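Below are the chains, spelled out letter by letter.
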Amino acid sequence: MSRTILSPRIRTALVTGAGGGLGRAFAEMLLAEGVEVWGTSRRPDSLPMRERFHPVGFDLVAGDLAAEALIARVERESGGLDLLVHNAGFGVFGGLLDQPLAVWRAQLDAMLGVSFALDRAALAAMTPRRRGTIVNVTSMAAEFSIPYLAGYNVAKAGLVALTESLMFEAGEAGITAIDFRPGDYRTGFNKSMFAAPPSSCSDSARRVARRLDAILAAAPRPEHAARDLRRALARGRSGVVRSGSFFQTVLAPLGARLAPLALRRAVMARYFAAR
Ligand SMILES: NC(=O)c1ccc[n+]([C@@H]2O[C@H](COP(=O)([O-])OP(=O)(O)OC[C@H]3O[C@@H](n4cnc5c(N)ncnc54)[C@H](OP(=O)(O)O)[C@@H]3O)[C@@H](O)[C@H]2O)c1
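In this report, the structure presented in the accompanying data block is examined. (Residues numbered from 1 in each chain as written. Predicted model: local features only at pLDDT ≥ 70, side-chain atom pairs only at ≥ 80, totals over all residues. Heavy atoms only, no water.)

Examining the packing of helix α2 (residues 64–78) against helix α3 (residues 101–126)
Running from amino to carboxyl end, α2 crosses α3 at an angle of 30 degrees, the nearest separation of the two axes being 8 Å. Our classification of the angle between α2 and α3 gives roughly parallel. Pair α2 / α3 crosses with right-handed handedness. Contacts between α2 and α3 pair D64, A67, E68, L70, I71 and E75 from the former with V114, A117, L118, R120, A121, A122 and A125 from the latter. Of the residues belonging to the contact of α2 with α3, the class tally is nine nonpolar, no polar and four charged. (Axes fitted to C-alpha atoms, helices over the stretch in contact; angles between N-to-C directions. Helix = DSSP H or I, 4+ residues; strand = E, 2+ residues; numbered from the N terminus. Parallel < 35°, antiparallel > 145°, perpendicular 65-115°, else oblique. Left-handed = near helix turned anticlockwise from the far one by under 90°. Contact = heavy atoms within 4.5 Å. Nonpolar A, V, L, I, M, F, W, Y, C, P; charged D, E, K, R; others polar.)

A look at the site of the ligand
Around the ligand lies a shell of 28 residues, among which S41, R42, N87, Y152 and T187 are the nearest. Residue Y185 places a main-chain N or O atom 2.7 Å away from an oxygen atom belonging to the ligand. Contact with the protein chains hides 93% of the accessible area of the ligand, taken as 870 Å² for the molecule alone. Among the elements of the structure, α1 (21–32) and α4 (150–172) are those that each provide at least two residues to the shell around the ligand. Of the residues belonging to the shell around the ligand, the class tally is 11 nonpolar, 12 polar and five charged. (Near = heavy atom within 4 Å. Polar contact = N/O pair within 3.5 Å; in protein donor to acceptor, adjacent residues only side chain to side chain. Areas by Shrake-Rupley, 256 points an atom, 1.4 Å probe, with all protein chains shown as cover.)

Some details on the pattern of salt bridges
By the definition in use, this model includes 12 salt bridges. Two residues, E28 and R50, come together in a salt bridge whose shortest N-O distance is 2.9 Å. Pair noted here: E28 is in helix α1 and R50 is in the loop between β2 (36–41) and β3 (53–57), with a separation of 22 residues, a long-range link. For E28, a relative accessible area of 35% gives the class partly exposed. Judged by its relative accessible area of 36%, R50 falls in the partly exposed class. Close ionic contact of E75 with R129 constitutes a salt bridge, the shortest N to O distance being 2.8 Å. With a gap of 54 residues between them, E75 in helix α2 and R129 in the loop between α3 and β5 (133–137) connect regions that are remote in the sequence. (Salt bridge = Lys/Arg side-chain N within 4 Å of Asp/Glu carboxyl O. Buried < 20%, exposed > 50% of the residue type's maximum accessible area, 1.4 Å probe, protein only.)

Here we look at the packing of α1 against helix α7 (residues 222–235)
At a minimum axis separation of 8 Å, α1 and α7 run at an interaxial angle of 50 degrees. By the angle between their axes, α1 is oblique relative to α7. Handedness of the α1/α7 crossing: right-handed. Between α1, through G21, L22, A25, F26, M29 and L30, and α7, the contact on the second element is made entirely by P222, E223, A225, A226, L229, R230 and L233.

Remarks on the environment of G57
Tracing the chain through its elements places G57 in strand β3. The spacing of G57 and A196 is 139 residues in sequence and 23 Å in space, taken between C-alpha atoms. Ignoring anything within four residues of it in the chain, the contact list for G57 reads S41 and P44.

Quick look at the pairing of β5
Burial analysis of β5 places five of its five residues in the buried class, the great majority of the element. Side-chain alternation along β5 places T133, V135 and V137 on one buried face and I134 and N136 on a second face that is also buried. As paired elements, strand β4 (residues 83–86) and β5 share four bridges and run parallel to each other. Each bridged residue has a counterpart across the sheet, and for L83 the counterpart in β5 is T133. With α3 bridging β4 and the parallel β5, this β-α-β connection has right-handed handedness. Running through α4, the crossover from β5 to the neighbouring parallel element strand β6 (residues 176–182) is right-handed. (Pairing = 2+ DSSP bridges. Right-handed = clockwise from strand over helix to strand, strands pointing away.)

Examining the packing of aromatic side chains
Within a pair of aromatic rings, the relevant descriptors are the distance that separates the centres and the angle that separates the planes. Scanning the model with the defined rule gives six aromatic pairs in all. Plain terms: the ring middles of F93 and Y148 are 5.8 Å apart, the flat faces sit at 50 degrees to each other, and that makes the pair tilted. With F93 in the loop between β4 and α3 and Y148 in the loop between β5 and α4, the pair connects residues that are 55 residues apart, well separated along the chain. For F93, a relative accessible area of 5% puts it in the buried group. Their ring planes at 35 degrees and their centres at 6.0 Å tell us that F247 and Y271 sit as a pair that is tilted. Residue F247 is found in helix α8 (residues 246–258), and its partner Y271 is found in helix α9 (residues 261–271); the two are separated by 24 residues along the sequence. Residue classification places F247 among the partly exposed positions, given a relative accessible area of 43%. Owing to a relative accessible area of 23%, Y271 belongs among the partly exposed residues under this scheme. Here the aromatic cluster, defined as three or more aromatic residues joined through ring pairs, consists of F93, Y148 and F194. (Phe/Tyr/Trp six-rings, centres within 6.5 Å; stacked < 30°, edge-to-face > 60°.)

Coordinates in, geometry out; function isn't part of it.
Here it is as structure tokens:
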């Protein structure tokens, strides 16, 4: 990344989940652009100490008050937040029968309820200034449900709908809202997803898990997503930005629009080795 194109329009940014994977690549890209970055992790001590980077502790499971407090803190310390990149997220792998309702609810609270609280607080802070950008990192899983990840699929589909609603209201307030929708990227996502596998994993679930690992191992690196985000931020327009391989961002959505639902389901089952 040579020329800086984001600052001075974007001077300050908050990236949730900045310790690894996509979030770290987003934070690095913004730092290279001259932006001052507040980055969160559940273990802020593990984040690097460097110029213009401010580590902040944040846990999605701490709930909406913690999300509001996070935005208030960054507003105060930065003198005004220009960009929120809400990237933190996680998957809980397992069949519907393996997951107690409490686990399902906890994932939706953490990934959807907290997203609402973060977006709402950022929108409230940015509105009086009539400037700012809110990016929600959603997922292609919102369009193509991943087997054995029901809670994740629902949370990301909800986040897509939330971002669509936000786009409308943000537009009225002079604020940009972006649904940044990654396909597969080579990060630690699967490792944390499989950290606590359900004890009663079926053969089909095991097959899908192996396939998901193989897909991620062959996926693009997070820097690719950071370049896409940089371009989207430079454009400064609200909308959906699909990011990933040509197959996942162009061919699959096009095929899905044209193919009948039954064919689409059959292709998906083969792709994920679910049958
Ligand atoms: N990789 C992909 O293929 C892919 C595809 C589509 C969408 N996405 C989305 O991209 C985002 C980043 O994922 P990634 O692929 O970079 O995975 P990752 O390497 O596992 O990173 C996930 C990030 O989220 C944070 N996080 C996880 N659980 C958290 C919690 N309970 N509270 C606060 N932070 C938490 C982690 O921070 P700490 O561990 O430091 O706290 C970490 O920085 C996620 O929203 C994911 O759904 C990823």
